[in-house]
Amino acid sequence: MRRDPGKLILNVFVIAVYIFLMAPIVLIVILSLNSGEFLLFPIEGVSLRWFGALWNSRQFMDAIGTSFQVAAISTFVSGIFGTLAAIYCIRFAHRMRGALRLFMMAPLLIPEILTAIALLFFMYQIGIGTRYSIGLQIGHIIVTFPYVFLNVSSALFNFDKSLEEASRSLGASPLMTFRRVTLPLIKPGVITGCLFAFIISFDIFNISLLLKGIGTTTLPVQLFDYLRWDFDPTAAAVSSLSIIMTLIAILIFDRFVGLRSLRF
Amino acid sequence: MSGAAPDARRAFLLVVPALALLVAFFVLPYFSIIIMSFREPATQGVHGGGFTLANYVSAVGDTFILRKLGETMLLGVGVTVITLLLGYPVAYHLARMRSRWNGLLYTFILAPLLVGLVVRTFGWMIILSNGGVANQALSWLGIIDDPLRLMNNYVGVTIALAHVLLPFLILPLLANIQAINPEVETAARSLGASRWRAFWRVTLPLSMPGIQAGAILVFVLSISAYVTPAMLGGGSGRTMSVLVVQYLVENFRWPAGAALAIILAVAAIVTVALFFALTHRVTRKLP
Amino acid sequence: MSELRLNAVRKRFGNLEVLKAIDLTVANGEFVSLLGPSGCGKTTTLRCIAGFEFPADGQILFDGVDLTQTAPEKRDIGMVFQSYALFPHLTVQENLSFGLEMRNIPEPERKRRIADVLGMVQLVGFEERFPRELSGGQQQRVALARALVIEPSVLLLDEPLANLDAALRDDMRFFIRDLQQRVGITAIYVTHDQSEAIVMSDRIVVMFDGEIAQVGSPKEIHDRPISKRVAEFVGKSNFLKGKVESRRTDGAVMLAAEIGPIHATAPATTSAGDTVECLLRPESMRTGALDGLENQFPARVEDIIFLGNSVSVHLTIGGGHRILALLPADFLAVPGDEVHIGFSAANVWCLP
Ligand SMILES: Nc1ncnc2c1ncn2[C@@H]1O[C@H](COP(=O)(O)OP(=O)(O)OP(=O)(O)O)[C@@H](O)[C@H]1O
Ligand SMILES: [Mg+2]
């Protein structure tokens, strides 16, 4: 068989890009297992000592707890608001649909840093400021909301409307049709959206940085602060922990819903 | 008359929570950022009593800020071009590939996006620092004697941003190329075009909407990025966003910071509009 | 089982008048097809009957009860969709059970009825399959079963065979017709395929542009269309122009046609002296033994297309007029041959 030089070059280039994409992530995981003191190669040996250090770090453990809490609340609220809004947009809005969709997606289209600043000023103006981290929680909900909206919308959009009509023709009321036919069928969209919302909330930085109250540092902000002064494998351990959690989430998700159904 | 009308009116309740949330905590805050940028600066409290244009006037008159704005825009263009050059072949390759590795490669593109921004930038700190992996590898290969300065300047920021934003370019492009019937390329070949010409004349123009979407996304995200320049840029690689946050958090100059943020936003909008106008000629003809 | 009546039903979408005063009565147990070209309003009519669209004007009566504004779930209909619309998250059993549960039918009876109807559509043993695990034809039968198991008073079908391949489609025509006859249900069947309508229906409703053009038995529609448009839509046609010379009371007329004098049949409205156009179906032409055929002409074979079970032959007759004939496959001739063709007066129909 004749080798095709064009194809070969393309393949080599593409492999190089994949290596570029994965390299920093893989390096972090490897270095987090280093038994030595420094974030350097060659690693001296394999150990979990830095994970132990992480376990004993009050700051990091608190930050992880805060991140989980914020992400859980954001996912819950965005999940409900986003699903309801998507149903309205796709099923009921007619003339305004385009504009409404754009508006719902706006927090995703406008850079997060601007939203963070705007929200910071606003919270001060209404006299709440960064107290109780209300602003932080609201910011996370605003930014995660479009992910649920988008995924549920596209699930609804790809949904054969005659299924609902079939249900009505068989004697089911509109509410019953929603419960027994529509909801089960858009469930993958809702799950995808919520998973996304959770992961995104876990990663949100700018809003967390500007709107954090006292004692509500989220994990990314804590890691960022830590790296200003310390550059040791504890940071790698916490990073690899979050990488592994993301990976597990992706694997579980891929098994049950399929990665291809993700929408950005 | 028809049973649908009252249904539709009641259905509006579905969207009310989301609308209320967005209007109260998204639309209104954007008014406060605009208002803040016209407030007088003050040493006591967040802002002074009156309104003024001084924040804009002094920002536009400040050569340091103008230089930073220019550098930020240039950084955005650079990152966009790099991600395009790296991302297009990957998107094309994956869109046209039929094998069991498909899913895995898709995960490779997606996974970095889902790993936190701070974590990924931290990975680049490990690679690019003076004693880091990159310098170690280069000196081990005998290419360099003294370590290269890859961090605390725009070099590091550009590399890391290209990495961070690459998935945002690949994903829309992938969807676009997948939607192009591969047979149009075969048809072009059957009409006597070489593989390269077929690509250049048929596939590339058809994938223009994907390029447009991805490029705009990457550009906007790179000029507004905060984490990566803050962690890798050091003193000389500070971008506008870093400057804005510095104004807000360290110097507590909110009105001036608000004006800077708005200048950045306007510059972004102008650039994107310009890009649209330039690429419009190509995409206009597409379905 | 019930009788269905549409009284001057009108429907518009924006400025487009899609249905213009549709009047129709479907008798108990009758199989009626709505036949017409794409966009003529067949689906819209069906959806008005089902309750998915509400007419701007007019009434829809089930057994004399006005249900024009009633929601679809309260109409006691069974519907088969073109895409089948089987619930993908439910098994065959659960799909069939859905409508019965909506009617609060107790479990043992549900089981019994599902088993019965699965027997009827020959799908016993497929209860636990999901729709995606079935072939197109099987999905089609599940859709039919799901609509029938609730024992509706009217069965509505919107191009249910459009997604099947040709061979299966032929089988399913007879299957559906047979099933409808056995159950004795009133059925309304939408199609744009004339042969489907002719094979399956008791009566055919031909629609053009939101109006009913003609209602009649398949034979009437095929042999006695009321317009050239209906004639052309329902099958292949030859049209012969001529002048009525004389007319008998039973409708037999003598015509001076372009191809020569012919015996024809005309509706009561036609009288001597009228200029008319007549329909002559290609399949009503004969060669060989022509005894008893009123019209006989010499003709020249121009070309022959072999169709498998028959041949399609282009002929010139009566000094240069081309006509098409559909003849048995054993017709042995080559282009250029002179042959004799014949057709009966009953098969020449003067369009009103
Ligand atoms: N929801 C709607 N909104 C606007 N116009 C519609 C709608 N549904 C149908 N129409 C229009 O009404 C006309 C009749 O449509 P209908 O679906 O009844 O046609 P049909 O006879 O079933 O055609 P086909 O054989 O293609 O299915 C068409 O011109 C169509 O464009
Ligand atoms: Mg139709």
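> If you had to explain the overall build of chain B to someone new, which residues and values would you point to?
From N to C terminus, chain B includes 14 helices and 0 strands. Taking 2.2 N^0.38 as the reference for a compact globule, 287 residues should give roughly 19 Å; the C-alpha atoms of chain B span a radius of gyration of 24 Å, well beyond that estimate. Once the C-alpha set of chain B is aligned to its principal axes, its extents read approximately 85 × 75 × 35 Å. Taking as baseline every contact in chain B between residues at least 6 positions apart, the subset at least 24 positions apart corresponds to 68%. Surface accessibility of chain B: about 13500 Å² in total, with carbon and sulfur atoms responsible for 68%. Distance between charge centres in chain B, computed from 19 positive and 9 negative side chains, equals 12 Å.

> Explain the nonpolar core to me, and be specific about the residues and the numbers.
Within the largest apolar cluster, 239 residues are counted, with the highest numbers of intra-cluster contacts made by A:Met104, A:Ile117, A:Phe121, B:Ile33, B:Phe122, B:Tyr226 and C:Leu156. Of the residues forming this core, the biggest block, 13 residues, is contributed by helix 6 (residues 134–157) of chain A. For C:Leu156, the contacting residues outside a window of four places in its chain are C:Leu46, C:Ile49, C:Ala50, C:Ile77, C:Gly78, C:Met79, C:Val80 and C:Ile188. If you look at the next biggest cluster of nonpolar residues, it comprises 30 residues, including C:Val244, C:Met285, C:Ile317 and C:Cys350.

> Report on the environment of B:Lys68, specifying residues and quantitative values.
Residues and elements named next belong to chain B. The topology assignment puts Lys68 in helix 4 (residues 63–96). Sequence-wise, Lys68 and Met240 are 172 residues apart; in three dimensions their C-alpha atoms are separated by 6.1 Å. Setting aside residues up to four positions removed in sequence, Lys68 forms contacts with Tyr154, Ser236, Arg238, Met240 and Leu243. There is a polar contact of 3.1 Å between the side chain of Lys68 and the backbone oxygen of Arg238.

> So what's going on with the pattern of salt bridges? Residues and values would help.
Residues and elements named next belong to chain C. Enumeration over the complete set of coordinates arrives at 27 salt bridges over all chains. Note that Asp116 is salt-bridged to Arg112, the shortest N-O span being 3.6 Å. Placement of the pair is Asp116 and Arg112 together in helix 3 (residues 107–120), with a separation of 4 residues, close to one helical turn. Judged by its relative accessible area of 45%, Asp116 is partly exposed. With a relative accessible area of 46%, Arg112 lands in the partly exposed category. Shared partners join several salt bridges into a network, and the residues in it are Glu109, Arg112, Arg113, Asp116 and Glu151.

> Can you tell me about the site of ligand 1, naming the residues and giving the values?
Residues and elements named next belong to chain C. In the region of ligand 1, 13 residues are neighbours, and Ser38, Gly39, Lys42, Thr43 and Thr44 sit closest. Take Thr44: an N or O atom from its side chain is 2.5 Å from an oxygen atom of ligand 1. About the coverage of ligand 1: the protein hides 59% of its 630 Å² of free accessible area. Only strand 2 (16–26) and helix 1 (42–50) provide two or more residues apiece to the shell around ligand 1. When residues of the shell around ligand 1 are assigned to their parent elements, the largest contribution, 3 residues, is made by helix 1. Split into classes, the residues belonging to the shell around ligand 1 amount to 5 nonpolar, 6 polar and 2 charged.

> Can you tell me about a nonpolar patch on the surface, naming the residues and giving the values?
Where nonpolar side chains cluster on the molecular surface, the patch consists of B:Val23, B:Leu28, B:Phe31, B:Ile35 and B:Phe51 and spans about 470 Å² of accessible area. For B:Leu28, the position within the fold is in helix 2 (residues 16–37).

> Can you explain helix 4 of chain B? Please cite residues and give values.
All names here are of chain B. The end-to-end C-alpha distance of helix 4 is 49 Å, a good match for the 50 Å that 34 residues give at a rise of 1.5 Å each. At Gly87, helix 4 is deflected by roughly 30 degrees, the largest bend along its length, and proline Pro89 occurs up to four residues later in sequence. Put simply, Asp62 is the residue that caps the front of helix 4, since its side-chain oxygen is 2.9 Å from the backbone nitrogen of Phe64.

> I'd love a proper account of empty space enclosed by the protein, names of residues and values included.
All names here are of chain C. Taken as a whole and judged by the stated rule, the model has 2 cavities of 30 Å³ or more. Lining the largest cavity, in full, are Leu144, Leu148, Leu155, Ile176, Leu179, Gln180, Val183 and Ile185. Those elements giving two or more residues to the lining of the largest cavity turn out to be helix 4 (136–149) and helix 5 (166–183). By residue number, the principal contributor to the lining of the largest cavity is helix 5, which donates 4 residues.

> Account for the confidence of the model for chain A, naming residues and giving values.
This prediction gives chain A a mean pLDDT of 85; 95% of its residues lie at or above 70. Summarising per-element confidence for chain A, the mean pLDDT is lowest in helix 2 (residues 49–55) of chain A (78) and highest in helix 7 (residues 161–169) of chain A (91).

> Could you give an account of unusual backbone geometry, with specific residues and numbers?
All names here are of chain C. Notably, Asp76 is not glycine yet its phi reads approximately 60 degrees, a positive angle. Mapping Asp76 onto the fold places it in the loop between strand 5 (65–66) and strand 6 (77–80). For Tyr84, which is not a glycine, the phi torsion comes out positive at approximately 70 degrees. One can find Tyr84 in the loop between strand 6 and helix 2 (92–102).

> Quick rundown of the interface of chain B and chain A? Include the residues and the values.
Contact with chain B, which involves 77 residues of that partner, is made by 71 residues of chain A. Of the roughly 7000 Å² buried between chain B and chain A on both sides combined, carbon and sulfur atoms contribute 83%. By the criterion of area lost to chain A, the three top residues of chain B are B:Phe25, B:Leu114 and B:Phe122, representing 10% of everything that side buries. Between chain B and chain A we count 0 salt bridges in total. Our count for the chain B to chain A interface comes out at 3 residue pairs in polar contact (both at pLDDT 80 or more). In terms of residue count, the dominant contributor to the side of chain B that touches chain A is helix 2 of chain B (16 residues). Of the residues that constitute the side of chain B that touches chain A, the class distribution is 63 nonpolar, 12 polar and 2 charged.

> Please set out the sheet that holds strand 1 (residues 4–13) of chain C residue by residue, giving values where relevant.
All names here are of chain C. Spatial strand order, 2-1-4-5: 4 strands in an open sheet with antiparallel pairing. Either end of the sheet is taken by a strand with one partner, and the two such strands are strand 2 and strand 5. Pairing between strand 1 and strand 2: 7 bridges, direction antiparallel. Its bridge partner being in strand 2, Phe13 is matched across the sheet by Leu16. Sitting on the sheet, helix 1 touches strand 1, strand 2 and strand 4 (57–62), and the angle it makes with strand 1 is about 120 degrees.

> Tell me what's going on with the side chain of B:Thr228, and back it up with residues and numbers.
Residues and elements named next belong to chain B. As for its position among the elements, Thr228 is in helix 12 (residues 227–232). Owing to a relative accessible area of 1%, Thr228 belongs among the buried residues under this scheme. Here Thr228 is in contact with Thr121, Val157, Ala160, Leu161, Val164 and Gly233, once residues within four sequence places are set aside.

> Just give me the short version of the pairing of strand 14 (residues 275–280) of chain C, but keep the residues and values in it.
All names here are of chain C. Relative to strand 14, strand 11 (residues 238–247) is paired through 6 bridges, and the arrangement is antiparallel. Looking at strand 14, one finds that Lys241 is bridged to Glu277. Looking at chain direction, strand 14 and strand 20 (residues 348–350) are connected through 3 bridges and run antiparallel. Bridged to Leu279 within strand 20 is Trp349.

The rules we used
- Residues numbered from 1 in each chain as written.
- Chains lettered and ligands numbered in written order.
- Predicted model: local features only at pLDDT ≥ 70, side-chain atom pairs only at ≥ 80, totals over all residues.
- Heavy atoms only, no water.
- Helix = DSSP H or I, 4+ residues; strand = E, 2+ residues; numbered from the N terminus.
- Rg over C-alpha atoms; globule rule 2.2 N^0.38 Å.
- Contact = heavy atoms within 4.5 Å.
- Areas by Shrake-Rupley, 256 points an atom, 1.4 Å probe, with all protein chains shown as cover.
- Lys, Arg positive; Asp, Glu negative; His and termini not counted.
- Charge placed at Lys NZ, Arg CZ, Asp CG, Glu CD.
- Core = buried A, V, L, I, M, F, W, Y, C linked by side-chain atoms within 4.5 Å.
- Buried < 20%, exposed > 50% of the residue type's maximum accessible area, 1.4 Å probe, protein only.
- Polar contact = N/O pair within 3.5 Å; in protein donor to acceptor, adjacent residues only side chain to side chain.
- Salt bridge = Lys/Arg side-chain N within 4 Å of Asp/Glu carboxyl O.
- Near = heavy atom within 4 Å.
- Nonpolar A, V, L, I, M, F, W, Y, C, P; charged D, E, K, R; others polar.
- Patch = residues over 30% accessible without salt bridge, like charges linked within 9 Å, V, L, I, M, F, W, Y side chains within 5 Å.
- Expected span 1.5 Å × (residues − 1).
- Bend = angle between axes of the 7 residues up to and from the residue.
- 1 Å grid on protein atoms, 1.4 Å probe; cavity = no way out; pocket = protein on both sides within 12 Å on 5 of 7 lines; lining within 4 Å.
- Points joined across faces, edges and corners; volume = space filled by probe spheres on them.
- pLDDT = per-residue confidence, 0-100.
- Buried area = accessible area lost by both parts, 1.4 Å probe.
- Pairing = 2+ DSSP bridges.
- Axes fitted to C-alpha atoms, helices over the stretch in contact; angles between N-to-C directions.

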